Structure formats: structure tokens, C-alpha cells
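Remarks on the overall topology
The primary structure of each chain is shown beneath.
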Amino acid sequence: MNRFGHNFRLAIWGESHGPQVGIAIDGVPAGLPLAEADFEADLARRRSGAPGTTPRREADRPQIVSGLYAGRTTGAPLTILFANDDTRPHDYAAPRFRPSHADWTAHRRFGGHNDPRGGGHFSGRLTAPLVAAGVVAKKTLSAEVRFATRIVSIGGCADPQRFDETLRAAAAAGDSVGAVVECRATGVPAGWGEPLFDTAESLMAHLLFAIPGVRGVEFGSGFAAAAMRGSEHNDPLRDASGATTSNHAGGIVGGLTNGNELVVRVAFKPTASIARPQTTYDPATDSVRPLAIGGRHDTCIALRGAVAVEAAVAIVLADLAL
């Protein structure tokens, strides 16, 4: 299904090389001030143009077609469209099952009726409406809730001064690299979340894994906790506010936010579309043949995916807050 949320509900549609992508957001409180200009800062963070990003250039101008009147949300579903203007469907004229793409699985799931151009509905293009939903989500939250998101490693390199070098080396080899993105949120009140199935972290992980290319999610000390002792990992309370002397839990205990800084890290795989020659199964000849992937692609999808991570966290917090 293409829907998510209980109180702040999303429905996303569109394909990478179709006429448009878009999102409908239900449960948006009435009276929020909103204008197209409010989306620009976050959409600019997702936009291509920087080294390591795709040459595809989309304006990503949000068209708000419902749920807004006189500059404020109406309480009706908010619908936002993004036109796909810089498309090159001819790059995908000869459908092939590209390695580590959804081409083969989507073909099986939908009986070959899926749109294969640029990944179709499975494309990172669908993160544009997700980022837009994140902008709206932030408006529903208190001004005290603030986000700080950064890339902490690229291609295994944790030195930001060497990120460009790592990207250039991968691109020169016709290859790609993965990355780890960290999102922190302060000002989140204690007690948001539900026991067991709708814990704060399970809901965030659910939406974060919907971002194309995400292969891992961790909170606080994450997988490093497996190598710790309880005496190292425990976060002692220091006062009645719930503040702790350390934050190995990443701001969530028992599935509920605890008022400390929320810390989540997301691992992105290397971009599956690479210029380097590969082989793949060709259904037309029932054989494995050489493959040269055309089209325009990011060397590192996390460069534009980091803001999608922040949007996902904001969306879940808005859902819990409402």
C-alpha cells in the first residue's frame, strides 16, 4: 500500500518518468499558515546540482491543489503535486532487469504491468512529495522541536573533508558509494509513542525504510550496544525532568520518547545504477548478458536523501503529537 500514518496520514503516487508525482496528507490541522515558499528550503536540500548528484534537474515547484484557502490549511486533505519536466523515458526503451533494482521483483509482483522507466513507482523521485509532507509535519509541531541532520560517513569515510574525494573516486570508476545519515531532534516532549507495535522507533523505522536505498536504521548507540555492558549502556536519570547523563537510548525508552535528544542514524546502500559494466539476466534471450545502464544517476543517493530522513522523522513525530 502507498499509505502511512494514523492521525497524520499520507498517500503518495506517481512514477519517476510519468507526468507527475504527488502526495495527499489527511489529518492536517486547520489554520496552519502555509505557502509554496515554505517548501523551498527543504526541497533545495533534495535538489540535484551538487557534485555526486544526478544531472537530472527538476524544478520541484509544489502545486498545492486542495486543502489550502487564503494562505491557511482548511482541515481538508492537503494535496501537493510535482511535475516531472526533465524526463528521458527513451533511456529505458529496452527494459532490462538491472542488478539490485526493483525491476525484477516489481515485474513479478505486478505481472509485468509496472512502469520500469527509472524505477517507476520505486524511484527515489517519490521522496520529493515525502519531503513536502515533512515540511507540513514540522508546522504541526511546537517551535521547540528542532532538527539537525548531517551525513556522518560516505563510502566508509567519516572525515567530511574527504567526502568530495571519495565521491570523485567512485564516479571516476563508474561506481557509487553508500553513506550514513544522522538525524537529531531536540525539544521532543516525553511520552510520545505506544507500547509494542506502534512504538516511536518502530513507526520511524517503518517510514524510514520506505525511503528508496535505506538498508539500516538505528537509534542512540544502535548496534554498538551489542558490544556494551549494561553498566555502560544504561542512561542514569539526573533529575525529575527525565534528563539523563548519557543518551545511549537515543531519546526513546520502552517505545516512548523520554524528553532527551532523539538520535537516529540511517544507512543508505550504494546507488544501484552505475556506469561500470555489469551482467544481468535478459528475459528476451533467456540468458545472462552484459549490461550498460543508461540514464542519469546519483553517485551517492544519501546526498539528497538526508532531507528525506529528516522528513520521515518529522512526519512520525507529527503523527504521534496529533
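Going by the structure above, here's the rest.
Residue numbers run consecutively from 1 along every chain, following the written order of its sequence. For a predicted model such as this one, the threshold for reporting local features is a pLDDT of at least 70, and the threshold for listing and counting side-chain atom pairs is 80 or more; totals across whole chains, interfaces and linings nevertheless cover every residue. Here the side-chain values reflect all heavy atoms present in the structure, with hydrogen atoms and water set aside.

Observations concerning the sheet that holds strand 3 (residues 20–26)
Strand pairing in a sheet is mediated by backbone hydrogen bonds. Such pairs are either parallel or antiparallel. Strands qualify as paired when DSSP identifies two bridges or more between them. Helix numbers and strand numbers start at the N terminus; a helix is a DSSP run of H or I with at least 4 residues, a strand a run of E with at least 2. Spatially, the five strands line up as an open sheet ordered 1-2-3-7-4, and their pairing is antiparallel. Single-partner strands in this sheet number two, and they are strand 1 (3–4) and strand 4 (63–66). Across six bridges, the pairing between strand 3 and strand 7 (residues 78–83) is antiparallel. Directly across from isoleucine 23, in strand 7, lies its bridge partner isoleucine 80.

Some details on helix 3 (residues 127–140)
Expected span of a helix: the number of residues minus one, times 1.5 Å. For helix 3, built from 14 residues, the straight-helix expectation of 20 Å at 1.5 Å per residue is met to within 8% by its first-to-last C-alpha distance of 20 Å. Note on exposure labels: buried denotes an accessible area under 20% of the residue type's maximum, exposed denotes more than 50%, and partly exposed covers the range between, all computed with a 1.4 Å probe on protein chains only. Of all the 14 residues making up helix 3, twelve are buried; the element is thus mostly covered by neighbouring parts of the structure. When we look at burial in helix 3, the residues that qualify are Thr127, Ala128, Pro129, Leu130, Val131, Ala132, Ala133, Gly134, Val135, Val136, Ala137 and Thr140. For this analysis, residues touch if any pair of their heavy atoms sits within 4.5 Å. Contact partners of the buried residues in helix 3: strand 2 (9–14), strand 3, helix 1 (40–46), strand 7, helix 5 (200–208) and helix 7 (302–321).

Overview of the sheet that holds strand 10 (residues 214–219)
Pairing within the open sheet is antiparallel, and its four strands lie in the order 8-9-13-10. Looking along the sheet, the strands with just one partner apiece sit at the ends: strand 8 (146–154) and strand 10. When the angles between neighbouring strand axes are averaged without regard to direction, this sheet yields 20°. Sheet topology places strand 8 next to strand 9 (residues 179–186); eight bridges connect them, and they run antiparallel. Each residue of the ladder has a partner; that of serine 153, found in strand 9, is valine 180. The sheet strands contacting helix 5 are strand 10 and strand 13 (262–268), and the helix crosses strand 10 at an angle near 160°. The axes used here are C-alpha line fits, helices contributing only the stretch in contact, and every angle between their N-to-C directions lies in the interval 0 to 180 degrees.

Some details on the environment of methionine 204
Inspection of the secondary structure puts methionine 204 in helix 5. For the pair methionine 204 and arginine 162, spaced 42 residues apart in sequence, the C-alpha separation works out to 30 Å. When residues no more than four places from it in sequence are discounted, the contact partners of methionine 204 are Phe219, Leu262, Val313, Val316 and Leu317.

As for the packing of aromatic side chains
For this analysis, a ring pair means two rings from Phe, Tyr or Trp (six-membered ring only for Trp) whose centres lie within 6.5 Å, classed as stacked if their planes differ by under 30 degrees, edge-to-face if by over 60, and tilted for the remaining angles. Enumeration over the complete set of coordinates arrives at zero aromatic pairs. We count a charge as sitting over a ring when the NZ of a lysine or the CZ of an arginine lies within 6 Å of the ring centre and within 35 degrees of the ring normal. Note that lysine 138 overlies the ring of phenylalanine 147, its terminal NZ or CZ placed 5.6 Å from the centroid.

A word on the packing of helix 3 against helix 7
In contact at an axis separation of 8 Å, helix 3 and helix 7 are set at 45° when each is read in the N-to-C sense. When the interaxial angle is binned, helix 3 and helix 7 end up oblique. Taken as a pair, helix 3 and helix 7 cross one another with a handedness that is left-handed. Together, Thr127, Leu130, Val131, Ala133, Gly134, Ala137, Lys138 and Thr140 of helix 3 and Val307, Ala308, Glu310, Ala311, Ala314, Ile315 and Ala318 of helix 7 make up the contact between the two elements. Residue classes follow a fixed rule: Ala, Val, Leu, Ile, Met, Phe, Trp, Tyr, Cys and Pro count as nonpolar, while Asp, Glu, Lys and Arg count as charged, and any other residue, Gly among them, counts as polar. When the residues that make up the contact of helix 3 with helix 7 are grouped by side-chain class, the tally is ten nonpolar, three polar and two charged. For classification purposes, an angle smaller than 35 degrees is called roughly parallel, one larger than 145 roughly antiparallel, one from 65 to 115 roughly perpendicular, and anything else oblique. In this scheme the crossing of two helices becomes right-handed for a clockwise turn of the near helix relative to the far one and left-handed for an anticlockwise turn of less than a right angle.

Details of the pattern of salt bridges
Where charged atoms from two side chains of opposite charge approach closely, those side chains can pair. Whenever Lys or Arg places a side-chain nitrogen within 4 Å of a carboxyl oxygen from Asp or Glu, that contact is recorded as a salt bridge. Enumeration according to the criterion identifies 21 salt bridges in this entry. With a closest N to O distance of 3.2 Å, arginine 61 and glutamate 36 form a salt bridge. In this pair, arginine 61 is assigned in the loop between helix 1 and strand 4 and glutamate 36 in the loop between strand 3 and helix 1, connecting sequence segments 25 residues apart. For arginine 61, a relative accessible area of 53% translates into the label exposed.

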